[in-house]
Amino acid sequence: MNTKLNKSDYILLTIYFVISIAMQALDYYDRQALTREYWVDFPVDIIMILTLIAIFMYWLIPKYIIEQKKYFNFIFFSLIAMIVIGGIDKVVGYWSGDNDWSRFPSTFWFIIESISISANQMGLPFGLLLTKKFYESQTQLLTIEKQQKENELKLLRSQIDPHFLFNNLNTLDSLIDSDPDKAKEYINRLSLIYRYLIKTKDAEVMELSEEIELAENYMFLIKTRFGNDYDFKIERDTDITDRFIPTGAIQALLENVVKHNKPQNNKAIATTILVEENTLKVTNTKSGILSKDESFGTGLENLKARYKLLSDKEVIIINTDKEFVISIPIIKLIDEN
């Protein structure tokens, strides 16, 4: 569930505050409250409620419930936040109502009342937000799952793309006469790619090491077909054990390079695959000429849609005049037990 507040969340809170303040104003009027209670209590209540909601939505729930699952820490810091926020509200309200400070609650009852004030003040708006977030998440999940199914069909079709097979057969035909040994290597690499695609057609993620091996085979096909038009390099800054990415992700990124870039003035399109601790970054130089070759990959939009299901981190794209950089998160599968 996405806990970040969006525009519609703020609209919902605004409606709630308008209704709540109107009802509270009637209560103040009925008991003939002091003028400064109107001017002090209402703004303070709004600030306190928004602050407490922000603490829960942006810190406590994401960190201690969703990420770390440390429920004791969540309860402890929640109580601290409620005591502080509720305590401020209690003190301000006591002052604005011109109450007798000699009758101010003892420390124990002050803490209890502070927690009670926070719970009462935040309970309804916080419950509305969580309910709204839950149904938004369910709706988004259904939409993404539908898109995922469509993407899977596109991926399956792309794996047997006749255009891709036709191009490789043409390359193979020219190699058989000119370089039989390389033709055998080409057949071997091509068969490994198809074997991998068939084996992983139902897998959401695959080990990074296997995806890199697939990429190496795919780069061999590109280098053999286009000669020195494309130059590839793989760099690793970290161990790739127990690291995963969406199936066929690197292949899709390499296809994007070939599809959208064609060498100019005999200058190769240089592509670097950099494996970092938490991301895999593909950087390629650009030319002013676009390639007319079709791609048989899932595409960048497909890849971004898949990440919405697999990770809370996003695909980052930086597109300049000189180079194109795309960073995809590396997924770590952790045993929650």
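As the structure is a computational prediction, the values presented were derived from the model and not from experiment.

K.L.:
Is there a simple way to think about the packing of aromatic side chains in this case?
P.N.:
How two aromatic rings sit relative to each other is given by the distance of their centres and the angle of their planes. Under the counting rule described, the total for this entry stands at 19 aromatic pairs. Judged by centre distance (6.0 Å) and plane angle (80°), the rings of F56 and F74 are edge-to-face. With F56 in helix α2 (residues 35-67) and F74 in helix α3 (residues 71-96), this pair connects stretches of sequence that are 18 residues apart. Taking relative accessible area as the criterion, F56 reaches 5% and is therefore assigned buried. Ring centres 5.9 Å apart and planes at 65° place the aromatic pair W59 and Y64 in the edge-to-face group. Accessibility expressed as a relative area gives 34% for W59, which makes it partly exposed. In this structure Y64 comes out as buried when scored by relative accessible area, which is 6%. Among the aromatic residues, those joined into a cluster by ring pairs are W59, Y64, F76 and F77. Directly above the aromatic system of Y28 lies the positively charged group of R31, at a separation of 4.4 Å from the ring centroid. We note R189 situated over the ring of F220; from NZ or CZ to the ring centre the distance is 4.5 Å.

K.L.:
In this structure, what is going on with unusual backbone geometry? I would like to understand it.
P.N.:
Here the phi dihedral of D242 falls at roughly 60°; this positive angle occurs in a residue that is not glycine. The residue D242 is located in the loop between β2 (230-236) and β3 (244-246) in this model. You will see that N266, though not glycine, has its phi angle at about 60°, which is positive. On the accessibility criterion, N266 (84% relative accessible area) is exposed.

K.L.:
What is the right way to look at the sheet that holds strand β7 (residues 323-329) in this model?
P.N.:
By definition, the strands of a sheet pair up through backbone hydrogen bonds, in either a parallel or an antiparallel sense. Ordered by their spatial adjacency, 5 strands build an open sheet running β2-β4-β5-β7-β6, and the pairing between neighbours is mixed. The sheet is open, and its two edges are formed by β2 and β6 (316-319), each paired on a single side. Geometrically, the sheet is characterised by an average inter-axis angle of 10° between neighbouring strands, direction not taken into account. Direction of pairing for β2 relative to strand β4 (residues 269-275): parallel, over a ladder of 7 bridges. When the bridges of β4 are listed, D231 appears paired with A270. Helix-sheet contacts for helix α8 (residues 249-260) involve β2, β4, β5 (279-285) and β7, and the interaxial angle to β4 is about 160°. Relative to the sheet, helix α9 (residues 300-310) contacts β6 and β7, its axis offset from that of β7 by approximately 25°.

K.L.:
How do you make sense of the pattern of salt bridges when you look at a structure like this?
P.N.:
Applying the stated criterion across every chain yields a total of 12 salt bridges. The shortest N-O distance in the salt bridge between R31 and D27 comes to 3.9 Å. Of the charged contacts in the structure, one is a salt bridge between E210 and K199, with a shortest N-O distance of 3.4 Å. With a gap of 11 residues between them, E210 in helix α7 (residues 208-226) and K199 in helix α6 (residues 180-199) connect regions that are remote in the sequence. Given a relative accessible area of 56%, K199 falls into the exposed group. Among the charged side chains, a network of salt bridges with common partners joins D9, K132, K133 and E136.

K.L.:
Can you help me understand empty space enclosed by the protein in this one?
P.N.:
The gaps of empty space that remain are located by a probe, the size of a water molecule, rolled over the atoms. All told, the structure shown has 3 cavities of 30 Å³ or more when counted by the stated rule. Approximately 50 Å³ is the volume attributed to the second largest cavity. If you go around the second largest cavity, the residues you meet are M48, I49, L52, I85, G86, D89, I117, S118, Q121 and M122. Among the secondary structure elements, those contributing two or more residues to the lining of the second largest cavity are α2, α3 and α4 (107-159). Its residues assigned to classes, the lining of the second largest cavity shows 6 nonpolar, 3 polar and 1 charged.

K.L.:
Looking at this model, I keep getting lost on the side chain of T200. Mind explaining?
P.N.:
Note on placement: T200 falls in the loop between α6 and β1 (205-207). Polar contacts involving the side chain of T200 include one to the main-chain carbonyl oxygen of Y196, which spans 2.8 Å. In contact with T200, not counting residues within four places along its chain, are M206 and T247.

K.L.:
How should I be thinking about the confidence of the model for the protein chain in this particular structure?
P.N.:
When pLDDT drops low, the exact placement of atoms in the prediction is not to be read closely. Looking at the protein chain, the pLDDT average stands at 84 and 90% of residues meet or exceed 70. Model confidence for the protein chain, summarised as mean pLDDT per element, is weakest for α4 at 78 and strongest for β5 at 95. Across residues 293-298 the pLDDT falls below 50, and counting only partners more than four positions away or on other chains, this stretch makes 19 contacts in the model.

What counts, and at which threshold
Residues numbered from 1 in each chain as written. Predicted model: local features only at pLDDT ≥ 70, side-chain atom pairs only at ≥ 80, totals over all residues. Heavy atoms only, no water. Phe/Tyr/Trp six-rings, centres within 6.5 Å; stacked < 30°, edge-to-face > 60°. Helix = DSSP H or I, 4+ residues; strand = E, 2+ residues; numbered from the N terminus. Buried < 20%, exposed > 50% of the residue type's maximum accessible area, 1.4 Å probe, protein only. Lys NZ or Arg CZ within 6 Å of the ring centre and 35° of its normal. Pairing = 2+ DSSP bridges. Axes fitted to C-alpha atoms, helices over the stretch in contact; angles between N-to-C directions. Contact = heavy atoms within 4.5 Å. Salt bridge = Lys/Arg side-chain N within 4 Å of Asp/Glu carboxyl O. 1 Å grid on protein atoms, 1.4 Å probe; cavity = no way out; pocket = protein on both sides within 12 Å on 5 of 7 lines; lining within 4 Å. Points joined across faces, edges and corners; volume = space filled by probe spheres on them. Nonpolar A, V, L, I, M, F, W, Y, C, P; charged D, E, K, R; others polar. Polar contact = N/O pair within 3.5 Å; in protein donor to acceptor, adjacent residues only side chain to side chain. pLDDT = per-residue confidence, 0-100.

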